[in-house]
Amino acid sequence: MTDEPIIVVDTNVLLNLATPVVDARSRAPTGEDPLKTVLFGYDVHVPSSVLAEVSEAQGNGDLLSAAADLVFRASHHLTTHEVETQTDEPLEFGLDPGESHGIWLANELGAAMFVTDEFNTTNYLFVSLALEDRNTLFTTPHVLCLLAERGTLDTQYVHSALTYYVETKQWDAQYVSQLRSEYLSS
């Protein structure tokens, strides 16, 4: 048992945290490892369906596949739960099994955070409504900003990473700007 806060993360969160680490292009931020920082800064839990989704991303030889490989190499730092048998039905509204099972797991564990990157979709509202404590809903950019605010990740790295994600993942620039303002403008 660890003293770090328990968080539950979705597949895209793990892949997004790993992507800049494996991206050798010049536009990728360097100097930090956000995946490692999250895995060592929190007690990270996932439903087994998340690792199944990560496995599906492997083997193509592209950037996503490289990120999935890194997540699997680090998966011994995750606590994995069999959730399929625990839920009556997956949540509807277009959520995949990893998201649906993650919501159930976050509620079951009373997690400090459920981290998903559904913020660019209407699914974010559905996730929020399904969580017992709506204050536990976070996104990858939000977690990165929190880590910078705490001094765990370098602020300049997080600025670079957020720009990278806006440019490469089409993250909502207005949302990211709001987070920068709140957490990184001191």
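Structure: see above.
Just so it is clear, the structure is predicted and the values come from calculations on it, not from any experiment.

Draft legend 1. Inspection of the overall build of the chain at higher detail. Helix and strand content of the chain: 9 helices and 5 strands. Counting from the amino terminus, the chain carries its helices and strands in the arrangement β-α-α-β-α-α-β-α-β-α-β-α-α-α. On C-alpha atoms alone, the chain measures out to a radius of gyration of 16 Å, which is about the 16 Å that the 2.2 N^0.38 rule sets for 186 residues. C-alpha atoms of the chain, sized along the principal axes, occupy 45 × 35 × 35 Å. Taking all 186 residues of the chain together, 49% fall into the buried category. A separation threshold of at least 6 residues defines the contact pool for the chain, and within that pool the share at least 24 residues apart is 72%. Taken as a whole, the chain presents about 9,000 Å² of accessible surface, with 48% of it coming from carbon and sulfur. Each charge class in the chain can be summarised by its mean position, and for the 8 positive and 28 negative side chains these summaries are 11 Å apart.

Draft legend 2. View of the packing of helix α8 (residues 155-169) against helix α9 (residues 173-184). Closest axis-to-axis distance for the α8/α9 pair is 10 Å, and the angle between their directions is 170°. The pairing of α8 with α9 is recorded here as roughly antiparallel in orientation. Where α8 approaches α9, its residues T155, V158, H159, L162, T163 and V166 are matched on the opposing element by A173, V176, R180 and L184. Among the residues making up the contact of α8 with α9, the classes are represented as 6 nonpolar, 3 polar and 1 charged.

Draft legend 3. Spotlight on the environment of N123. Here N123 is to be found in helix α6 (residues 123-130). N123 sits in the buried class, given a relative accessible area of 12%. Separated by 24 residues in sequence, N123 and E99 have C-alpha atoms that sit 9.9 Å apart.

Draft legend 4. Just the packing of aromatic side chains, in detail. Summed over the entire model, instances satisfying the criterion amount to 2 aromatic pairs. Measuring from centroid to centroid gives 4.2 Å for Y165 and W171, while their planes differ by 25°, and the two rings are stacked. W171 matches Y165 in its accessibility class, with the two residues each being buried. Aromatic rings pair up to connect Y164, Y165 and W171 into one cluster.

Draft legend 5. Structural view of the pattern of salt bridges. For the coordinates displayed, the defined rule picks out 2 salt bridges. D23 is the partner of R25 in a salt bridge, and the nearest nitrogen-oxygen pair spans 2.7 Å. The buried category is assigned to D23, whose relative accessible area is 8%. Of the charged contacts, one joins R27 and E167 as a salt bridge, the two residues approaching to 4.0 Å between their closest N and O atoms. Placement of the pair is R27 in the loop between α1 (11-22) and α2 (34-41) and E167 in helix α8, with a sequence separation of 140 residues. Exposure remark for R27: the relative accessible area of 42% places this residue in the partly exposed category.

Draft legend 6. Expanded view of the sheet that holds strand β1 (residues 6-9). On the basis of which strands lie adjacent, the open sheet formed by 5 strands has the order β3-β2-β1-β4-β5 and parallel pairing. With partners counted over all chains shown, the strands left at the sheet margins are β3 (79-81) and β5 (137-138), one partner each. Pairing of β1 with strand β4 (residues 113-115), which is carried by 3 bridges, proceeds in the parallel orientation. Note on β4: the bridge partner recorded for I7 is M113. Across the sheet, helix α5 (residues 97-109) is in contact with β1, β2 (43-47), β3 and β4; its angle to β2 comes to roughly 130°. Of the strands in this sheet, β4 and β5 touch helix α7 (residues 140-149), which is tilted by about 125° from β4.

Draft legend 7. Spatial organisation of the packing of helix α3 (residues 48-56) against helix α4 (residues 63-73). Relative to each other, α3 and α4 sit at 140°, their axes nearing to 8 Å. Our classification of the angle between α3 and α4 gives oblique. Between α3 and α4 the crossing geometry is left-handed. On the side of α3, the interface is formed by L51, V54 and S55, while α4 contributes A68, V71 and F72. Its residues placed into classes, the contact of α3 with α4 shows 5 nonpolar, 1 polar and no charged.

The rules we used
- Residue indices begin from 1 for each chain and proceed along its sequence in written order.
- In view of the model being predicted, local features appear only for residues whose pLDDT reaches at least 70, and side-chain atom pairs are presented and counted only at 80 or more, with totals across whole chains, interfaces and linings using the full set of residues.
- Side-chain measures were taken over the full set of non-hydrogen atoms in the model, leaving aside hydrogen atoms and water.
- Each helix is a run of H or I in the DSSP string that is no shorter than four residues. Each strand is a run of E no shorter than two, and both are numbered from the N terminus.
- It is over C-alpha atoms that the radius of gyration is taken, and the globule rule equals 2.2 Å times the number of residues to the power 0.38.
- Partly exposed residues are those whose accessible area sits between 20% and 50% of the maximum for their type, while under 20% is buried and over 50% is exposed, using a 1.4 Å probe and protein chains only.
- Contacts are assigned to residue pairs that have any heavy atoms within 4.5 Å of one another.
- To be clear on the numbers: accessible area is Shrake-Rupley with a 1.4 Å probe, and residue cover counts the displayed protein chains and nothing else.
- Just so you know, the count uses Lys and Arg for positive and Asp and Glu for negative, and it drops His and the chain ends.
- By convention, the point assigned to a charge is CZ for Arg, NZ for Lys, CD for Glu and CG for Asp.
- Throughout, an axis means a line fitted to C-alpha atoms (over the contacting stretch in the case of helices), and angles, computed between N-to-C directions, take values from 0 to 180 degrees.
- Working definition: roughly parallel below 35 degrees, roughly antiparallel above 145 degrees, roughly perpendicular at 65 to 115 degrees, and oblique for all remaining angles.
- Residues are grouped as follows: Ala, Val, Leu, Ile, Met, Phe, Trp, Tyr, Cys and Pro are nonpolar; Asp, Glu, Lys and Arg are charged; every other residue, Gly included, is polar.
- Side-chain rings of Phe, Tyr and Trp (the six-membered ring for Trp) are treated as a pair once their centres are within 6.5 Å; stacked means planes under 30 degrees apart, edge-to-face means over 60, and tilted covers the remaining angles.
- In what follows, salt bridge is the name for a side-chain nitrogen of Lys or Arg lying within 4 Å of a carboxyl oxygen of Asp or Glu.
- Two strands are counted as paired when DSSP detects at least two bridges linking them.
- Crossing handedness: left-handed means the near helix sits turned counterclockwise from the far one by under a right angle, and right-handed means the same turn made clockwise.

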